[in-house]
Amino acid sequence: MEEKIVSLKQQGLTLKQIAEQLDMPIGKVQYAWRKWRSQHGEPAKPVAAPKRKTEGKKAMTSKSKQVPASSVKQVASTLQHEEPAQSPLLDKGPEGFWKLPDRYDQDLMHAVVQSPNAVYVFWEVSDSVKETLSMQFMRPWEDLPKAFRILDITLLDYASGHANRAYTFELPEMTNSWFVRPLDPNTTYVFEFGIRTMEGEFLPLLATSPIDTPRAEPAGHGRFAEPVRRWQYGKVEAPELLDTLPKYSAYRFVR
């Protein structure tokens, strides 16, 4: 039977056709064919890899060959010699570490809200402004009295020069930051830094942008809630005047 299977196979028939022609199970035909091949030293054909993987491998090989060697060297050279980007806000210390400079020689003043009742303010005066004031007042910058002013501009335009209230106090020399507290919640503030003139007047040099303190209670509560609500929903054309308190004190609950 094995010789018959081999003969038919050498004639070009498939194992399935041989099994049908001899009326045998396909498994028995396959077993006989493998046995004959192993006995006669015919090596088994290697299983072909999936065509898709082969193509992918070829594609990868072809792609890697397309990269010129000069480009690879150029990229490697760039990576080795490229200096790290230096931030203008950082200085390089003697130990090689980057650190924040002590000052930037600029005129700046910023405020950061800490809580509904506290704001952190920091500022810096440039050397050119210090020299100008020293020449104008004929006194060293360190001898000029420094002052700090708090302006409540809730529902007002700061550029108009008006404020609901203001408070000024002296600052110690060499001070460039201050925790301002206690403040009112839900209020718009502007903070100014300046000097006292020979006449004792406050001369502002720097000012922060207007900043709002957060609310400390739900909006729309209190004795003035109803008139404020009428104005909020358009039931009256203008806010109703409240004689007992400044107008902004009531309407700040809904702004």
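Asker: Explain the side chain of Lys 146 here, please?
Answerer: Position of Lys 146 relative to the elements: it lies in strand β5 (residues 146-152). Of the polar contacts made by the side chain of Lys 146, one reaches the backbone oxygen of Leu 144; its length is 2.6 Å. Contact partners of Lys 146, with chain neighbours within four places excluded, come to Trp 141, Glu 170, Leu 171, Glu 173, Phe 193, Gly 194 and Ile 195.

Asker: I'm lost on the sheet that holds strand β3 (residues 108-115) in this one. Help?
Answerer: Across a sheet, strands are paired by hydrogen bonds formed along the backbone, either parallel or antiparallel in direction. Strand order across the open sheet formed by 3 strands is β3-β4-β7, with antiparallel pairing between neighbours. Two strands close off the open sheet at either side, each with one partner strand: β3 and β7 (177-180). Sheet twist, expressed as the average angle between the axes of neighbouring strands with direction ignored, equals 15°. In this sheet, β7 lies alongside strand β4 (residues 118-124) in antiparallel orientation, the contact comprising 4 bridges. If you follow Tyr 120 over to β7, its bridge partner there is Phe 179.

Asker: Honestly, the layout of surface pockets in this entry has me stumped. Any pointers?
Answerer: Over the atoms a probe the size of a water molecule is rolled, and this reveals where empty space is left. Here the largest pocket defines a volume of roughly 470 Å³. In this structure, the largest pocket is lined by 20 residues; those nearest its centre are Trp 123, Glu 124, Val 125, Thr 175 and Asn 176. Among the elements that make up the lining of the largest pocket, the one with the highest residue count is β4 (4 residues). When grouped by side-chain class, the residues that make up the lining of the largest pocket number 10 nonpolar, 3 polar and 7 charged. The volume enclosed by the second largest pocket comes to roughly 230 Å³. If you trace the second largest pocket, you find 13 residues lining it, with Ile 150, Tyr 167, Pro 182, Leu 183 and Tyr 189 closest to the centre. If you list the elements that add at least two residues to the lining of the second largest pocket, you get β5, β6 (165-171) and β7. With 4 residues, the top contributor of residues to the lining of the second largest pocket is β6. By residue class, the composition of the lining of the second largest pocket is 9 nonpolar, no polar and 4 charged.

Each value, and the rule that gives it
- Residues numbered from 1 in each chain as written.
- Predicted model: local features only at pLDDT ≥ 70, side-chain atom pairs only at ≥ 80, totals over all residues.
- Heavy atoms only, no water.
- Helix = DSSP H or I, 4+ residues; strand = E, 2+ residues; numbered from the N terminus.
- Polar contact = N/O pair within 3.5 Å; in protein donor to acceptor, adjacent residues only side chain to side chain.
- Contact = heavy atoms within 4.5 Å.
- Pairing = 2+ DSSP bridges.
- Axes fitted to C-alpha atoms, helices over the stretch in contact; angles between N-to-C directions.
- 1 Å grid on protein atoms, 1.4 Å probe; cavity = no way out; pocket = protein on both sides within 12 Å on 5 of 7 lines; lining within 4 Å.
- Points joined across faces, edges and corners; volume = space filled by probe spheres on them.
- Nonpolar A, V, L, I, M, F, W, Y, C, P; charged D, E, K, R; others polar.

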